[in-house]
Amino acid sequence: MQILQTILTILLFIVCLSTLVMIHEAGHLAMAKLFGVYCDDYSIGFGPALFHKKRKNAETYFSIRAVLFGGFVSMASDEGELPSGVKVPKERSLKGIKKWKAALIMSAGIIMNVLLSILLLFIFNVAFPAKGLYSDVVSIEPGSKAESAQIVPFNPDTNEGDAFIVFSDPRADYQASGSAILYYDTDAVATFENGDAISVLATVQEAKVNFSNYSLDSLFEYYEHYTEYEEKEGTIAANFARPITPDSTHNNSKLKSITLSFTMIHKEEGKFFICVGGYLRDADISELSYIDGKYYFDELDPNHEHPEYILANYSLSDYVQDIVLNVNTINGEKKLEAMGMSLYYLERYLPFGTRVSNTFRQFGQASSLIFTTIGGLFVGRGWENVGSVVGAYAQSQTIVSQFGASYLIYFWGLISINLAIVNLLPFPGLDGWQLLVLAIEGITRKQVPEKVKSIVSVIGFVLLFAFMAAIIVKDIVGFF
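Residues numbered from 1 in each chain as written. Predicted model: local features only at pLDDT ≥ 70, side-chain atom pairs only at ≥ 80, totals over all residues. Heavy atoms only, no water.

Participant: Mind showing me how you'd approach the packing of aromatic side chains here?
Facilitator: Where two aromatic rings form a pair, the distance of their centres and the angle of their planes describe that pair. Counted under the stated rule, the structure contains 12 aromatic pairs. Ring geometry for Phe13 versus Trp412: centroids 5.5 Å apart, planes at 50°, classification tilted. One end of the pair, Phe13, is in helix H1 (residues 2–34); the other, Trp412, is in helix H9 (residues 405–423), with 399 residues separating them in the sequence. For the pair Phe13 and Trp412, a shared accessibility class is recorded, and that class is buried. A centroid spacing of 5.4 Å and a plane angle of 80° characterise the contact between Phe411 and Trp412, whose relative ring orientation is edge-to-face. The pair Phe411 / Trp412 is uniform in exposure class, with both members buried. Ring-pair connections join several aromatic residues into one group, and the members of that group are Phe13, Tyr393, Phe411 and Trp412. (Phe/Tyr/Trp six-rings, centres within 6.5 Å; stacked < 30°, edge-to-face > 60°. Helix = DSSP H or I, 4+ residues; strand = E, 2+ residues; numbered from the N terminus. Buried < 20%, exposed > 50% of the residue type's maximum accessible area, 1.4 Å probe, protein only.)

Structure, rendered in structure tokens:
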């Protein structure tokens, strides 16, 4: 079953990637046809043709080739006879039309990918409910230890229930590395069978949180805490604090239990608090908006989308009891008891206007990030964010298994804008190179010598394929 699932995931990835390429190349083809440029072949992939056919009385072949990752449209660059034996007049070649028309032909693929990206992001926002996991809001399992500790599950419809006070590690090294740790202010204590007790750092690693697994029983990790914690930079907790697991021992004594003391905020008339980014502070009523029976802090949540920012009448809780998780042996394996707490998961449709604005906000953020990443490469930054087709497949596999169809559409929307912006680069083999040559010829009113273009193209192709090979190797190593 696992093998079949892997095969289907690979096929899905190839279909999605090929669709992006087909739409990109279809943009070139349609614009070339509009301006009368002769197109000999519309090809998906490179290498030997597995399928090569054209309709009766048509001039353009449709081809599917052995290496599916890419594609091209073969156009007549100048007048003369093509390898297929067709004689092309000058007015039907790229050199025979105006420069602005040739530029539009070269830009059409990029434009199509931009439009496709916006369409996919629009579908993601409009056709599917917004999903969210909230790091400081919890759901409580009935009959669980968390319920017995009097923790009240948060209900955004009634604006009632409890929320964590959450502290995010502020060090930039954590945030940049992608290994950010959320430190829950639990005052955790590990107790051993001989009576020893030590302070424990209770953490949730963000990389482990997804929409199919958000139970804190499986997400919490415990580490022995000591004074050098704040002095250790650029490391994650596991590197400098001993992990505390159900089979841990301390001074030759086995772990007996872990006690968690949660600090919560809850509803109380006349009290307004906000807990965001790890800081709890008073909020004056003048800072809040009262909409549909709820108070919102507009500076942080102008669209009223996030339940953790609904602040009406919250104050510090003083009634939450400790949760003691004992170590039990089940089928010969030592396990901590379940606390019955999960990160709060919300799935709902946002107002239509918000969904439309989110589409363009996400498009703008993705575009900005790509430009920033590309710019950073020239000064040695951001190489960890550069990925190949292998890296894209790995991400696609994770999304299919954990997040479902909606986020797969979102992912390919991002890939489409990536493809558009990368093709803008003035590098041989990319559309940006053709646009650069056209710009030089338009400004100088002279043709760039074919020999110069050939030499630059060969050098560029070698460097491009070497770069792609290096990124593929990096992604393969990371994949395994």
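Structure's up, so let's keep going.
Participant: Looking at this structure, I do not really get the packing of helix H2 (residues 99–127) against helix H7 (residues 352–377). What am I missing?
Facilitator: Working note: a packed helix pair is described by the angle between its axes plus the distance between those axes. It is the contact of H2 with H7, at a shortest axis distance of 9 Å, that shows an interaxial angle of 140°. The angle between H2 and H7 places the two elements in the oblique class. Between H2 and H7 lies a crossing of right-handed hand. Contacts between H2 and H7 pair Val114, Ser117, Ile118, Leu121, Phe122, Phe124, Asn125 and Val126 from the former with Phe352, Arg355, Val356, Asn358, Thr359, Phe360, Gln362 and Phe363 from the latter. (Axes fitted to C-alpha atoms, helices over the stretch in contact; angles between N-to-C directions. Parallel < 35°, antiparallel > 145°, perpendicular 65-115°, else oblique. Left-handed = near helix turned anticlockwise from the far one by under 90°. Contact = heavy atoms within 4.5 Å.)

Participant: Hey, could you run me through H9 in this one?
Facilitator: Each full turn of the α-helix corresponds to 3.6 residues, which orients residues three or four apart in the same direction. Its 19 residues give H9 an end-to-end C-alpha distance of 27 Å, which sits within 8% of 27 Å, the value for a rise of 1.5 Å per residue. Among the residues making up H9, those that are buried are Ser406, Tyr407, Leu408, Phe411, Trp412, Gly413, Leu414, Ser416, Ile417, Ala420, Ile421 and Asn423. (Expected span 1.5 Å × (residues − 1).)

Participant: Any chance you could explain the packing of H1 against helix H8 (residues 389–402) here in plain terms?
Facilitator: At a minimum axis separation of 10 Å, H1 and H8 run at an interaxial angle of 120°. When the axes of H1 and H8 are compared, the pair comes out oblique. Here the hand of the crossing between H1 and H8 comes out right-handed. Listed contacts from H8 to Thr6, Thr9, Ile10, Leu12, Phe13 and Leu17 of H1 are Val389, Ala392, Tyr393, Ser396, Gln397 and Val400. For the contact of H1 with H8, a count of residues per class yields eight nonpolar, four polar and no charged. (Nonpolar A, V, L, I, M, F, W, Y, C, P; charged D, E, K, R; others polar.)

Participant: Just to check I follow, could you spell out the environment of Glu25 for this structure?
Facilitator: Counting through the fold element by element, Glu25 comes out in helix H1. Setting aside residues up to four positions removed in sequence, Glu25 forms contacts with Tyr42, Gly71, Phe72 and Val73.

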